[in-house]
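# An overview of the molecular structure
Listed below are the residues making up each chain.
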Amino acid sequence: MATAHGPLVIGVDSSTQSTKALVVDTATGEVVASGQASHPTTATHEIDPEHWWKALTSALEQCGRAATEAEAISVAGQQHGLVTLDATGAPVRPALQWNDVRSAPQVESLTRDLGGPAAWARRVGSVPAPSFTAPKWRWLTENEPETAARTAAIRLPHDYLTGRLTGEGTTDRGDASGTGWWAGDEAGYDTGILDHLGLDPALLPRVVGRGEGAGTVMAAAGLPLRTGALVAAGTGDNMGAALGLGLAPGTPVLSLGTSGTVYAVSRTRPADETGTVAGFADATDGWLPLACTLNCTLAVDRVAALLGREREDVEPAAGPVLLPFLDGERTPQLPYASGLLYGLRHDTTGGQVLQAAYDGAVYALLRALDLVLADESRPDAPILLIGGGARGTAWRETVRRLSGRPVQVPRAQELVALGAAAQAAGLLLGTDPAEVARGWRTAEGPSHDAVPRDDEALARLENALTGADDLLRRPTPGTATTEATGTATPDTAANAPGGDERGGNLPR
């Protein structure tokens, strides 16, 4: 282990497919040790939370002596998941992960019951989506009432791991804002929504305040950590990545992983009545308006595999349009959709079809960019491109061509874990964690100038999406629908480029 210039902290990224742990020198941001362990994946997008704990243990053990010398730790994790615990703290059933969209019918009923999309946006900043925790809980009460009755505590994935470290039930404002039942710092949990869900607020974790810790590592945790080390609040993966970049208001981020996200830090609480932009809180005291697509690198890789081509083997696409909604879609909100290919001709090539898949995936994100940024960004501000896809030439050039903006690719990797480390460092040092990350210069990297925006391609995509609206809203005949089983395709996130399903985390 290299000699550290400052105290050591640990940042953890517990994602859909793996857990990563970084031991970081607070003075320089240097990663002095790291570890990673995989999680199993299933077609139902469920997982026993014990797999997360075992992966965390393995990742920390790989860090060696450095982990035992760390003075603080923070866990960032996949958002939205539903973890149900019994009175002993053991899971009642496997956790429902963020990409489990079986609760689409419950989204429709919840949205209708409580006043429609505009009312939800005003109350909690977001219109519910099938990935959110609230409709997952409604699905559980309707389909597994005995399981719901046995539930003594509800946690998000990062809450579960933090709780096993400290013995306390806590969460943070960032991750809480993705549940559908947290209304903001002053309002706290929305008791009206909880009453409608039949959910006792006592089952929910305490939301840790700014600058406050979640507790300390208890001896019973059984991990290679110093007993009594500080445990920060933790956060969701997208909030962790934003913190890892030291993101300032108005800078757009496009994260390319199994899911794709576009977000920016904002000074004001968003409330998009269309549901395109989720009005999340960030991990400090600001907000993180965010749009997320379910289909990004994994979907494009699947198209490449079907065509028998490498992922970079693209050709300019002058005609075909491919909407790669292979797992249903969240942006636009089409949970029952499947992929749609339009505009094939005799002279269409496989490389053009593959480029069309890239265009379709990027278009879904850029469509939401103006709503995410509102009035807090210059039109020529560079997009920070992160995640496994950011390292691919085809992804980068597609973003440049369809956005007309310059693109910057940060050199720092594992931004979610770095954000968690910055949060731990902020707690330990009593300072702003975003300032800590900016001091580590995590956002620096190669810049690529803007190119003229391809308005012709954007028009083709918009026309296809509009024209196919009715078809995309129907469950595909002859397949398992999202209403019955979540999604019809298995979760093969390990095939995402760079092995990072969310892009930071995120999201992934």
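All values derive from a computational prediction rather than experimental measurement. Numbering of residues begins from 1 in every chain and follows the order in which that chain's sequence is written. The model is predicted, so local features are restricted to residues of pLDDT at least 70 and side-chain atom pairs to those at 80 or more, both for listing and for counting; the totals for chains, interfaces and linings are taken over all residues. No hydrogens and no water enter the side-chain calculation; it runs on all heavy atoms of the structure.

### With respect to the state of the cysteines
What counts as a disulfide here is a pair of cysteine sulfur atoms lying within 2.5 Å. Counted according to the given criterion, the structure contains zero disulfides. Among the cysteines around C292, which has no disulfide bond, C296 carries the closest sulfur, lying 9.1 Å off.

### Focus on the side chain of T442
Secondary structure follows DSSP: runs of H or I at least 4 residues long count as helices, runs of E at least 2 residues long count as strands, and numbering of each begins at the N terminus. On the secondary structure map, T442 appears in the loop between α16 (433-439) and β22 (447-448). From its side chain, T442 meets the backbone oxygen of G244 in a polar contact 2.5 Å long. Throughout, a contact is declared for two residues whenever any of their heavy atoms are within 4.5 Å. Excluding residues that lie within four positions of it along the chain, T442 makes contacts with G244, L245, G246, P410, A412, L415, L418 and A437. For this analysis, a polar contact is any N or O atom pair within 3.5 Å, provided that within protein one partner can donate a hydrogen and the other can accept it, and provided that sequence-adjacent residues contribute only side-chain to side-chain pairs.

### Quick notes on the pairing of strand β14 (residues 253-256)
Here β14 shows two buried faces, one formed by V253 and S255 and the other by L254 and L256. Strand pairing requires that DSSP identify at least two bridges connecting the strands. Examined bridge by bridge, β14 and strand β15 (residues 260-263) share four bridges and lie antiparallel to one another. The residue bridging L254 from the neighbouring strand is V262, located in β15. Remark: three residues form the turn of the hairpin made by β14 and β15, two consecutive strands paired antiparallel. Relative to strand β20 (residues 383-386), β14 runs parallel, the two sharing three bridges. For every residue, the accessible area (1.4 Å probe, protein chains only) is compared with the maximum for its type, and the residue is labelled buried under 20%, exposed over 50%, or partly exposed between those bounds.

### Observations concerning the nonpolar core
L254, L323, L385, W395 and L472 are the most contacted members of the largest nonpolar core, which has 47 residues in total. In this view, L385 contacts L254, L256, A390, R396, V399, V407, Q408, V409 and P410; residues no more than four positions away in its chain are not counted. Take the buried Ala, Val, Leu, Ile, Met, Phe, Trp, Tyr and Cys residues and link them wherever side-chain atoms come within 4.5 Å; each set so joined is a nonpolar core. If you look at the next biggest cluster of nonpolar residues, it comprises 38 residues, including V9, V253, L418 and V436.

### Side note on the packing of helix α3 (residues 104-113) against helix α5 (residues 133-143)
Helix packing for two helices is described by the angle between their axes and how far apart those axes are. Lines fitted to the C-alpha atoms define the axes, with helices restricted to the stretch that makes contact. Angles between their N-to-C directions range from 0 to 180 degrees. Direction vectors running N to C along α3 and α5 enclose 110 degrees, while the axes themselves pass 9 Å from each other. On the basis of the axis angle, α3 is roughly perpendicular to α5. Each of Q106, V107, S109, L110 and D113 in α3 lies in contact with α5, whose residues at this interface are A134, P135, R138, W139, E142 and N143. Any residue outside Ala, Val, Leu, Ile, Met, Phe, Trp, Tyr, Cys, Pro, Asp, Glu, Lys and Arg is labelled polar, Gly included; the first ten of those are nonpolar and the last four are charged. Of the residues contributing to the contact of α3 with α5, the split by class is five nonpolar, three polar and three charged. Geometric relationships in this document are graded by angle, where less than 35 degrees denotes roughly parallel, more than 145 denotes roughly antiparallel, 65 to 115 denotes roughly perpendicular, and other angles denote oblique.

### Some details on the packing of helix α10 (residues 237-244) against helix α15 (residues 415-429)
It is the contact of α10 with α15, at a shortest axis distance of 7 Å, that shows an interaxial angle of 75 degrees. Overall, the two elements α10 and α15 adopt an arrangement that is roughly perpendicular. Touching D237, G240, A241, L243 and G244 of α10 are L415, V416, L418, G419 and Q423, all from α15. For the contact of α10 with α15, a count of residues per class yields five nonpolar, four polar and one charged.

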